[in-house]
There are 2 protein chains.
Amino acid sequence: MTVSLTTSDSENDPPSPAGADLHLELRGPGLRAGLTDALRDAVRSGRLTPGTRLPPSRSLATDLGVSRNTVTDAYAELVAEGWLTARQGSGTRVAERARAGRGRPAAARARRAPERPAYVLRPGSPDLATFPRTQWLTAARRALTAAPNEAFGYGDPLGQMPLRTALADYLARARGVYAEPERIAVCSGFHHGLALMARVLKERQVRTVAVESYGLDLYRDLLAEAGLRTLPVHVDEHGARTDGLEQLADVGAVLMTPAHQYPTGVALRPDRRTAAVAWARRTGGLILEDDYDGEFRYDRQPVGAVQGLDPERVVYFGSASKSLAPGVRLGWMVLPEELVPEVVAAKGYGDYMSSALEQLTLADFLTSGAYDRHVRAMRLHYRRRREQLVTALAHRAPHVRVKGMAAGLQAVLELPDGTEQSVTQEAARRGLVVSGLAEFRYETPESGRRLPRPDALVVNYAAPSDSAWTRALDILCEVMP
Amino acid sequence: MTVSLTTSDSENDPPSPAGADLHLELRGPGLRAGLTDALRDAVRSGRLTPGTRLPPSRSLATDLGVSRNTVTDAYAELVAEGWLTARQGSGTRVAERARAGRGRPAAARARRAPERPAYVLRPGSPDLATFPRTQWLTAARRALTAAPNEAFGYGDPLGQMPLRTALADYLARARGVYAEPERIAVCSGFHHGLALMARVLKERQVRTVAVESYGLDLYRDLLAEAGLRTLPVHVDEHGARTDGLEQLADVGAVLMTPAHQYPTGVALRPDRRTAAVAWARRTGGLILEDDYDGEFRYDRQPVGAVQGLDPERVVYFGSASKSLAPGVRLGWMVLPEELVPEVVAAKGYGDYMSSALEQLTLADFLTSGAYDRHVRAMRLHYRRRREQLVTALAHRAPHVRVKGMAAGLQAVLELPDGTEQSVTQEAARRGLVVSGLAEFRYETPESGRRLPRPDALVVNYAAPSDSAWTRALDILCEVMP
């Protein structure tokens, strides 16, 4: 017979580390033997980890309804066996070596990361070392102090209203977005936002989504996973050929990075912005505008969002992943009004909201001006990095052209034909991971015909630490053909 | 022709509120007229909200490459028109009444909440007023200060390792869970965890999931949405009839609340715990154990998790939603080892991770003992509430029986046959929202035959504030038949 008991101090005791809950199952007839066995099992199996402090014998005895001697005897026996240690003043604890016999679980072994390369310039991450910890904590303190109790509940599926209000003001001001709080949906980042939109598009019987001929396969896979077909729209030096959208059959939405094409780095030419909106209006299609790094432009002021041209035909996506850090896990969508209920419905099943506290902290961070200040400082930081890259290449590999705008967190380096693969391989051999442009290319047998397939590298100059950057830049110049 | 420009202070200025970004589109030939029109449009459309401070004329002039006079003239004209205000020392701002003409958008109108009832005793929420704000901030400060830079990146899909380690120790100690960090997956709550498992089960070709005959339709809907059939397992006074699982055809998993059946409040009898595990071993099925409030038991020590009986056949779910607050949006799954890669894969598409900062804060909250202290204080608080409910009913409605264990955040009040609906309606008429047990009942034409359908209320005694509770309890007693 198994009796299941859990031990803890009496509830009337003042809180203490010793008051921690402890679950034990006493088996067999003898109380002392049962308790000893249960404790030994808990330690041996690793349930109780080395260093864990056991409850004082008196509390445990009270909780179990046994005499104190029973507990002290059991403790003493396990100390004698080496499972526990007892030291004056620090109580009885699980011995350090008790778990030594257990192997590392297979799951952990299987998931162990491969050897880490020395330098990584793959695009995707901002400089994590610059996360404004102090300012963020200040915002968190203010937000947590000011929040009404209701804020700690399940909350509105669209997100906390103070954040949506702060975002509406910010996006209108800084990105030219027509944003009312009522049409903003908070999500955890672009990936999550796109997953929600994929569900909405599917519900709307959309079958095909056009995507740029350069981009992340992750997002194409996400759309395919949701049951949507993708078709490439050719990207040239003026951005996506939106003037060709008419020719693509059956397209219900187009996913684009107008402000700064990812990863080729070009801006969508004004007539192509207009063409995209005209297409959406004529066909009832939707433009999915991924404004992943719109805040970072170094040569002149950033181009505003396409969304401002027609807020009812564009879904605007932004996030804190590049401007602050991916770990914040907050993004936002600005929706055509008629899509709001559909996004709420899509969030209904299996989805979930973001941390209320984090949302309110970002709201404070925005309204206090800390966000603007951080973006401005980062802009300066990243611009300097880009200039260092351009200067180094001009001196040491003058035939390599840096393409795209002075913007964002990565640059495209044009290589001589046929050298891309050997350059990335040689870089990897020297401990530098860098992406070839081919990684991002998307073409079908028809779309790929007679289109150029330039050799190039995509270099994230934003993410490395200052010390890593100097050496990474050296290696990069050395491996240039 | 449209020229798109965004204004801001020079990047070399020290950060200041005036350095905020501002997006403007200048149209037409005249610079001054173009700027005036663009600013007026931005204010009229609501893009620039009342109170927003405009950049100093000198910065804006520099950014736009126009003379300072052009900007001051434009500002002056708009002040004259009433769109802007200029005050010594506080600069030029958008006037307060400027947006007054705009109607509330239709989406907001449609989503406006209905009249709020005075008192709500529906189950689902803990007492939000008791969220330990100060202690949480202390943990956040420590966590943010100690975190390595990498913590701010995209992170491990299973969650931040410090949180998984802290959870492993806590769950082993307090809930008898066999938990290694390597088999723990962080999610945003039970709902999210179940959605992930539904995807995993579907991939494993599972067709049917057995669920308890009382529970939330939300979860049954979630499973159905994922393409899984559900079948009820009858719940009696000893919990779910797991001894009848054999008779249900084609079942690949069973979703249960063994520690404290939701919402009937009974504990799963030991032989039924064993029966569930035996069924899972024999058939290769999985037990999905929803331990939503396992920490809250008032009469004796909590029953440990079924997961401890066979960690390779049970998926254990827990969350901070009841023990802390739903707004924290953190939950956890302890997985059979072989499911770990499948859950990682399920998280891969469209899913996302929880805030790194929030995860690290909870890790600190657990390891510092603050979590244990909070749970202990809440246990005392909720136990008192439950006693008040029992005492009040004993005096004022002695024929109403309080069923279920002294545990959790809600109680079941057994009513005379045929009175449930009239009681909930009469309560609602007096401003008290309370759930009837029928809301939670799940039966099919076959399963429902010859089963009792008791009349009862499910009363959340934990959520109301102290002041609301007294009055809510009064109304509750008054409407008892």
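Predicted, not measured: the structure shown is a model, and the values here were computed from it.

**Some remarks on the sheet that holds strand β15 (residues 401-403) of chain B**
Residue and element names in this part refer to chain B.
Here comes step 1: On the basis of which strands lie adjacent, the open sheet formed by four strands has the order β15-β16-β19-β18 and antiparallel pairing. In this open sheet, the two strands that pair with only one neighbour each are β15 and β18 (435-436).
Here comes step 2: Sheet topology note: the β18/strand β19 (residues 456-460) ladder contains two bridges and is antiparallel. The residue bridging S435 from the neighbouring strand is V458, located in β19.

**Comments concerning the sheet that holds strand β8 (residues 229-233) of chain B**
The pairing of strands in a sheet happens through backbone hydrogen bonds and is either parallel or antiparallel.
Residues and elements named next belong to chain B.
Here comes step 1: Spatial strand order, β6-β14-β13-β12-β11-β7-β8: seven strands in an open sheet with mixed pairing. Because the sheet does not close on itself, it has two edges, and the strands there are β6 (184-187) and β8. Across the sheet, the axes of successive neighbouring strands diverge by a mean angle of 20 degrees, strand direction being ignored.
Here comes step 2: Across four bridges, the pairing between strand β7 (residues 208-212) and strand β11 (residues 251-256) is parallel. Its bridge partner being in β11, V209 is matched across the sheet by A253.

**Considerations on the confidence of the model for chain A**
Reading fine detail from the predicted coordinates is not recommended where pLDDT is low.
Residues and elements named next belong to chain A.
Here comes step 1: Mean pLDDT for chain A: 86, with 88% of residues reaching 70 or above.
Here comes step 2: Ignoring residues within four places in sequence, the model shows residues 1-19, a span with pLDDT below 50, making 61 contacts including any to other chains.
Here comes step 3: Throughout residues 98-114 the model reports pLDDT below 50, and contacts reaching past four residues in sequence, or to other chains, amount to 26 contacts.
Here comes step 4: For this predicted complex, the interface confidence comes out at an ipTM of 0.80, alongside a pTM of 0.81.

**Some details on the side chain of B:E212**
Residue and element names in this part refer to chain B.
Here comes step 1: Here E212 lies in strand β7.
Here comes step 2: Buried and unpaired, E212 has R220 as its nearest opposite-charge partner, separated by 8.8 Å.
Here comes step 3: Contact partners of E212, with chain neighbours within four places excluded, come to V233, V235, A240, L255, M256, T257, Q261 and Y442.

**Examining unusual backbone geometry**
Here comes step 1: In this chain, A:Y262 is followed by A:P263 through a cis amide linkage whose omega measures 0 degrees.
Here comes step 2: Within the secondary structure, A:P263 sits in the loop between β11 (251-256) and α9 (270-283).
Here comes step 3: Notably, A:R329 is not glycine yet its phi reads approximately 50 degrees, a positive angle.
Here comes step 4: With respect to the secondary-structure elements, A:R329 resides in the loop between α10 (320-323) and β14 (331-334).
Here comes step 5: Classification of A:R329 by relative accessible area gives buried; the value is 8%.
Here comes step 6: Positive phi, close to 70 degrees, is recorded for B:D250, a residue that is not glycine.
Here comes step 7: Relative to the elements of secondary structure, B:D250 occurs in the loop between β10 (239-240) and β11.

**Focus: the packing of helix α5 (residues 133-146) of chain B against helix α12 (residues 356-367) of chain B**
All names here are of chain B.
Here comes step 1: The interhelical angle for the contact between α5 and α12, taken along N-to-C directions, is 110 degrees, at an axis separation of 8 Å. One finds that α5 runs roughly perpendicular with respect to α12. The handedness of the crossing between α5 and α12 comes out as right-handed. Across the interface between the two elements, Q135, W136, A139, A140, R142, A143 and L144 of α5 pack against L357, E358, L360, T361, L362, D364 and F365 of α12.
Here comes step 2: The residue inventory of the contact of α5 with α12, partitioned by class, reads nine nonpolar, two polar and three charged.

**Some words on the pattern of salt bridges**
Residues and elements named next belong to chain A.
Here comes step 1: Enumeration over the complete set of coordinates arrives at 51 salt bridges over all chains.
Here comes step 2: In this structure, the salt-bridge partner of R269 is D271, at a minimum N-O distance of 2.7 Å.
Here comes step 3: Owing to a relative accessible area of 31%, R269 belongs among the partly exposed residues under this scheme.
Here comes step 4: Overall, D271 belongs to the partly exposed group, its relative accessible area being 43%.

Conventions and cut-offs
- Residues numbered from 1 in each chain as written.
- Chains lettered and ligands numbered in written order.
- Predicted model: local features only at pLDDT ≥ 70, side-chain atom pairs only at ≥ 80, totals over all residues.
- Heavy atoms only, no water.
- Pairing = 2+ DSSP bridges.
- Helix = DSSP H or I, 4+ residues; strand = E, 2+ residues; numbered from the N terminus.
- Axes fitted to C-alpha atoms, helices over the stretch in contact; angles between N-to-C directions.
- pLDDT = per-residue confidence, 0-100.
- Contact = heavy atoms within 4.5 Å.
- Buried < 20%, exposed > 50% of the residue type's maximum accessible area, 1.4 Å probe, protein only.
- Lys, Arg positive; Asp, Glu negative; His and termini not counted.
- Salt bridge = Lys/Arg side-chain N within 4 Å of Asp/Glu carboxyl O.
- Parallel < 35°, antiparallel > 145°, perpendicular 65-115°, else oblique.
- Left-handed = near helix turned anticlockwise from the far one by under 90°.
- Nonpolar A, V, L, I, M, F, W, Y, C, P; charged D, E, K, R; others polar.

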